[in-house]
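# Chains, contacts and geometry: an overview
The residues making up each chain are set out below.
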Amino acid sequence: MGWLWGSSPKDTTKDTPQDLPSANLPEVPKQNVPPKALTPDEQADLEFSQILADLRSEDASLNQTLTPGGSLEPQTPQSAIAPESLYQDTMSCRNAFDYAFFCQSFGGQFVNVYRYGELRSCSDHWDNLWLCMKTRTWPEDLRKRAIRDHNRKKAIKYKTGPSSEDVWDVRLDPATESFKGDFAALEKEMKAEDEAAKHKAAA
């Protein structure tokens, strides 16, 4: 009945509880709420988000190693060639995830049906991803060795017939005399031989 006394309606709400000092309000005791147990779906979502965070951090670290021109920093060439150099010893978790995810998708399986006439298993791609995620915190030498062994086993698995490895020995020393010589003179000599062959064929 504030209108009888000529007061505005806003005056009646002056002493409402929201305007009272917080010190005058009774404190509600805090209860220790136990952490909620995650369902299997929530646990899978949590692990998936962790994988994505790791992939993003890998992309960020890769971008930091790029030079301003956008190319990778040059690596010092090895003085000798080892048989282990036939197999790659580095792996990108982002690329492994992309290959596995695409293979499992409708588009990836459509490509398999188009190329091979059947659906294909994606287990190799997932194996690559799990190996990369498992070894990402290992020391550098152990990680390289594990990835190299993994790639060697894959190469043995997919070898279906004779190859150049059955004929040639692996070169253990780099070739040093391959690009020495007078290439202009060699080109003139080859042209002269071609001209002589043409004249002989015409005669």
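Per-chain numbering applies: the sequence of each chain, read as written, is numbered from 1 onward. Selection of residues for local features in this predicted model requires a pLDDT of at least 70, selection of side-chain atom pairs for listing and counting requires 80 or more, and totals for whole chains, interfaces and linings are taken over all residues. Each side-chain value is worked out from all heavy atoms of the structure, with water and hydrogens disregarded.

In the annotation of an unreviewed UniProt entry, the protein chain is listed under the name Early meiotic induction protein 1 and assigned to Penicillium brevicompactum.

## A few points about the nonpolar core
Buried Ala, Val, Leu, Ile, Met, Phe, Trp, Tyr and Cys residues that are joined via side-chain atoms within 4.5 Å together make up what is termed a nonpolar core. Note on exposure labels: buried denotes an accessible area under 20% of the residue type's maximum, exposed denotes more than 50%, and partly exposed covers the range between, all computed with a 1.4 Å probe on protein chains only. Counting residues in hydrophobic clusters, the biggest one holds 11 residues: I51, L55, M91, C93, A96, F97, L129, L131, C132, M133 and I147. For the purposes of this entry, the term helix denotes a DSSP run of H or I that reaches at least four residues, the term strand denotes a run of E that reaches at least two, and both are numbered from the N terminus. Elements with a contribution of two residues or more to this core: α2 (40-64), α3 (93-104) and α5 (123-135). With 4 residues, the single largest contributor to this core is α5. With residues up to four places along the chain from it excluded, the contact list for L55 reads C93, R94 and F97. Only heavy atoms matter for contacts: two residues are in contact if any of them lie within 4.5 Å across the pair.

## Concerning the side chain of N128
Considering the arrangement of structural elements, one finds N128 in helix α5. Residue N128 is classed as buried on the basis of its relative accessible area, which comes to 13%. Here the side chain of N128 touches H150 through a polar contact of 2.6 Å, side chain to side chain. Excluding residues that lie within four positions of it along the chain, N128 makes contacts with M91, A96, H150 and K154. N or O atoms within 3.5 Å of each other form a polar contact, as long as, within protein, one can give a hydrogen and the other can take it, and as long as residues adjacent in sequence are counted only when both atoms are side-chain atoms.

## Looking at the packing of α5 against helix α6 (residues 140-157)
Working convention: axes come from line fits to C-alpha atoms, limited for helices to the stretch in contact. Angles between N-to-C directions cover 0 to 180 degrees. Look at α5 against α6: their axes get within 10 Å of each other, and the N-to-C directions meet at 165°. Taken together, the axis directions place α5 and α6 in an arrangement best described as roughly antiparallel. Both α5 and α6 take part in a crossing whose hand is right-handed. Residue-level inspection shows D124, D127, N128, L131, C132 and T135 of α5 in contact with α6, the latter providing R143, A146, I147, H150, K154 and K157. Put simply, angles under 35 degrees are roughly parallel, angles over 145 are roughly antiparallel, angles from 65 to 115 are roughly perpendicular, and the rest are oblique. In this scheme the crossing of two helices becomes right-handed for a clockwise turn of the near helix relative to the far one and left-handed for an anticlockwise turn of less than a right angle.

## So, the layout of surface pockets
Gaps left between atoms are located by rolling a probe of water-molecule size over the structure's atoms. Within this model, the second largest pocket holds a volume of roughly 470 Å³. If you trace the second largest pocket, you find 16 residues lining it, with C103, R120, S121, D124 and H125 closest to the centre. Counting residues per element, the lining of the second largest pocket draws most heavily on helix α4 (residues 106-116), which supplies 5 residues. The distinction between a cavity and a pocket rests on a 1 Å grid over the protein atoms alone: a 1.4 Å probe fits inside a cavity but cannot get out, while a pocket stays open yet meets protein on both sides within 12 Å along at least five of seven lines, and a residue with an atom within 4 Å of a point counts as lining. Grid points are joined across faces, edges and corners, and a volume is the space filled by probe spheres set on the points.

## Examining the packing of aromatic side chains
Two rings belonging to Phe, Tyr or Trp (six-membered ring only in the last case) form a pair when the distance between their centres is within 6.5 Å. Interplanar angles under 30 degrees mark stacking, angles over 60 mark edge-to-face geometry, and anything in between is tilted. Under the counting rule described, the total for this entry stands at 2 aromatic pairs. A ring pair is formed by F97 and F101, whose centres lie 5.7 Å apart and whose planes are at 25°; its orientation type is stacked. You can see F97 and its partner F101 sitting in helix α3, 4 residues apart, about one turn around the helix. Where W126 meets W130, the ring centres are 5.9 Å apart and the plane angle is 25°; that geometry is what we call stacked. Of this pair, W126 and W130 are both found in helix α5, 4 residues apart, which corresponds to roughly one turn of the helix.

## Observations concerning a negative patch on the surface
Residues with no salt bridge and a relative accessible area higher than 30% make up the patches, which join like charges within 9 Å and nonpolar side chains (Val, Leu, Ile, Met, Phe, Trp, Tyr) within 5 Å. In short, Shrake-Rupley with a 1.4 Å probe defines the accessible areas, and a residue's cover is counted only from the protein chains shown. Salt bridges are identified by distance alone: a Lys or Arg side-chain nitrogen within 4 Å of an Asp or Glu carboxyl oxygen. Counting rule applied: Lys, Arg positive; Asp, Glu negative; His and chain ends not counted. For this purpose, a charge sits on NZ of Lys, CZ of Arg, CG of Asp or CD of Glu. Side chains of E189, E193, D194 and E195 sit close together on the surface and give a patch of like negative charge. When you line up the elements, E195 lands in helix α7 (residues 183-202).

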